[in-house]
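This is what each chain is made of:
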Amino acid sequence: MVKSTVKVVIRTRPTANFASKNLKLDLEKKTIEVFIPKDSTQGMINNQQENWKFKFDDFLHNAPQEEVYNICGQDIVRSVIEGYNGTIFAYGQTGAGKTYTMSGGSQNYKFRGIIPRAISQIFREVQNKPEFSFTIKVSYVEIYNELVYDLLSTIPPSEQAGSIMIQDDSKYGIVVKGLTLVMSTSEEDALNQLFEGETNRTIAEHKLNKSSTRSHCIYTLHIESRSRVESSEKVVFSKLNLVDLAGSERTKKTGSEGLTLTEANFINKSLSYMEQVVIALSEKGRDHVPYRQSKLTYILKDSIGGNSKTLMVANIWPEPEHMEETISTLRFATRMMRVSNEITINVELDPMQLIERYKKEVRDLRQELAMHDTLANRGRVVYESYTPEQQYQVQTIAEKFLDGGLDEIELESLRQIKELMNQMKNIYKKNLARYSGNDHKKEVRPPTNRTGPHKGSELKNVEDKDEGVGQEEHSGGFGLGRANPNSRPADSSALEPKSQFKQEEQDDILEKKKSVKSVTPEEAKKINSAKSAKRERQPDKNQAFMEFKNADGRDLDNNLNRLKEELKERKIELNSITSEVNSIKKDIDETREIVEKVRKHRAADEEDIIDEEEFVYIKKIRDLKKSYRVKFDSIKALKDEVNNVNRNIEYYRDKVIQEFEKWYEVKYGFLPVITHEETRTGTKPIEEKSTDDLDSDALAYIKAKKNVQTLHKAKKTLGAIGKA
Ligand SMILES: Nc1ncnc2c1ncn2[C@@H]1O[C@H](COP(=O)(O)OP(=O)(O)OP(=O)(O)O)[C@@H](O)[C@H]1O
């Protein structure tokens, strides 16, 4: 266990009305001084003190999203991939920029926040570690008015009550039972879940924020990794909680009433419980920490004072009218810096893999013992489980002994003694029942059939599906939830997805982003009409795909084909070794039967010494087993290779499609060129520069956004058809 204090970074919301009389920032020293004149009419926070000075781990003033991520996200995400738990959460007054920090603005790919960037980093880094196999699942949970909702569940929120429980597990830490964990194999998958969940968050409008998030939301990535090169029973597991808290707010100032007021009371209560937890943790010698007072503090138990690397972004709105909230946020942030967590890499041993290893060890030891006994002339000692025939033999010997037909029993091994005791117990019970007239007929009957070789142990061919390791899961962590629609604010605008733009507008913006160029309206017209003409010449996509494969996509296509060939070869190789292994196995079974027969004869002849013939067979079994093991290992290695090639094929397939789409759009598509003035319109955030080209990494992000938008459009249309 290593101690790790919670890191705190302050982020200011950009504003043209910066409270320069009240705030003095020293970005180098990472300090902020606050001055409130005693006679201030804006409300006195503390009439004893008018100046405060705070120091934090970092300060982000008018910082772009990329810088925010580099400082707040990168390191924690890297640790999570190593197996530490991580938490990043945004705290602050309503409207100060928490959602902007965590999720980001939807106008531009560059405005994306910590969550999409963390997803992207995770999938990028995981791809660069081929020596590990990773399983990534996501969940999204919403705490709204002290109720927990699973934003990824297919169960309607109104029916979710009682199905979700928070538990403190000694091994996995805080576990939210009953949550949906969605397996994500790509960045796009994980983003789909994020955007789907975001559209379901509970949002309302009040004076300080047009689209204020009214709930605490936790998007969690659950990561499991197994080494492909070392002992495969070791599983490293971790989770990354990305938390967007609801805003701390003063109800008077926000003009909240009715349902919004009730929400505000719940929000304030849970945040004040969080403060109590933080105070308790920062007090030395305090043994009780009131985590269970609210759902939020209980869910965040690992993150605040537990096993997690945690970073808090404290968002402030540095305008004169928000000084009270700013001071309160800075005070809370200072306390948070005193919280110390104890972190450790989470490792467990996969029980199924362990059983397999022990089984193999037992098999090897039995074989060693058999050889040892043979060489020491103790050929009759058996280490396998007793077969029904052997049990019957022991029973007969025991009966003979008890009847006086046998003076003594030759003892060979502990196993034989145990079996003898068992049989004697059976005989005793049988006699007891007979005398009391209640015969349970429990004696061992001579078996009618010999048990043949164990067919199930044969190896399957490659076409058979592998049983994937790591499909087992503990239903830990957080999940995606859907707030009860009835519990949402009545305002219809509040039901819209949380974005400053409508869906169609977002589509437009995405398109525009691709071609932001400074051109005059005349030039734009010309280019656009040239592009329209191009579009009319669009060929059939299949035909275009063939063209692409022979032109720009040739290298990619060649790579893909080469990999497919390689896969074919590996599979043929694998099939051939699998057949060899099966034939060795058959050989072992047949030789074993012969040895058993020879032993029976020897026992019948009361011959104790192993003859040469039997010895040769035993040696043959040993040699066969050796080559069986060698071949088996090469099967395992080959299977790994096949998996690798399969993964590469998947990668190249995606790449070919992505590149083709880009190529097609450039060659035949229609991307409207917009004028410089047009790019200036809209509510573009202050700190970002405009982009000339679409970032190549943006594809998964844009695709996921579009997927969710299309899905929601389709749902709306279906709903409308249903109503008609
Ligand atoms: N750093 C920033 N750059 C540009 N715009 C910002 C920034 N921070 C906040 N905003 C804008 O301010 C508005 C409010 O921000 P946001 O919704 O993120 O606040 P919040 O703290 O999550 O509020 P609430 O608690 O009410 O949900 C949004 O329109 C957002 O785009």
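Residues numbered from 1 in each chain as written. Predicted model: local features only at pLDDT ≥ 70, side-chain atom pairs only at ≥ 80, totals over all residues.

**Considering the confidence of the model for the protein**
Moving on, step 1. Confidence in the prediction of the protein, expressed as mean pLDDT, is 77, and 73% of residues score 70 or more.
Moving on, step 2. For the stretch residues 446-517, pLDDT sits under 50, and the model shows 149 contacts to residues farther than four places along the chain or on other chains.
Moving on, step 3. Long-range and interchain partners of residues 670-693, a stretch whose pLDDT sits below 50, account for 51 contacts in this model, where long-range means more than four residues apart.
Moving on, step 4. Here the predicted complex carries an ipTM of 0.98, next to a pTM of 0.57. (pLDDT = per-residue confidence, 0-100. Contact = placed C-beta atoms within 7 Å.)

**Looking at the environment of Asn200**
Moving on, step 1. Checked against the element boundaries, Asn200 lands in the loop between helix H5 (187-199) and strand S13 (203-206).
Moving on, step 2. As a C-alpha pair, Asn200 and Leu152 span 48 residues in sequence and 9.4 Å in three-dimensional space. (Helix = DSSP H or I, 4+ residues; strand = E, 2+ residues; numbered from the N terminus.)

**A short note on the packing of helix H15 (residues 541-550) against helix H17 (residues 612-668)**
Moving on, step 1. The contact between H15 and H17 brings their axes to 10 Å, and the two run at 105 degrees. In terms of their interaxial angle, H15 and H17 are classed as roughly perpendicular. For the pair formed by H15 and H17, the contact residues are Ala544, Phe545 and Phe548 on the first element and Phe660, Trp663, Tyr664 and Tyr668 on the second. (Axes fitted to C-alpha atoms, helices over the stretch in contact; angles between N-to-C directions. Parallel < 35°, antiparallel > 145°, perpendicular 65-115°, else oblique.)

**Structural notes on helix H2 (residues 74-82)**
Moving on, step 1. Looking only at H2, the buried set comprises Ile76, Val77, Val80 and Ile81. Buried residues of H2, viewed axially, fall in a sector of 145 degrees; they line one side.
Moving on, step 2. Where H2 is buried, its residues contact strand S7 (86-92), helix H4 (114-127), strand S15 (216-227), strand S16 (234-244) and strand S17 (309-316).
Moving on, step 3. Trailing H2 by a residue or two, Gly83 shows a phi angle of about 120 degrees, which is positive. (Buried ≥ 20, exposed ≤ 12 C-beta atoms within 10 Å, placed from the backbone. Arc of directions from axis to C-beta.)

**Section: the pairing of strand S4 (residues 31-35)**
Moving on, step 1. Covered by surrounding structure in S4 are Ile32 and Val34 only, the residues Thr31, Glu33 and Phe35 on the alternate face being uncovered.
Moving on, step 2. Here strand S3 (residues 23-26) pairs with S4 via 4 bridges, running antiparallel. Bridged to Asp26 within S4 is Thr31.
Moving on, step 3. Hairpin connection of S3 to S4: 4 residues between the antiparallel strands, including Lys30 at a positive phi of 60 degrees.
Moving on, step 4. The sheet contact formed by S4 and strand S5 (residues 51-55) spans 5 bridges and is antiparallel. By the bridge assignment, Phe35 is partnered in S5 with Asn51. (Pairing = 2+ DSSP bridges.)

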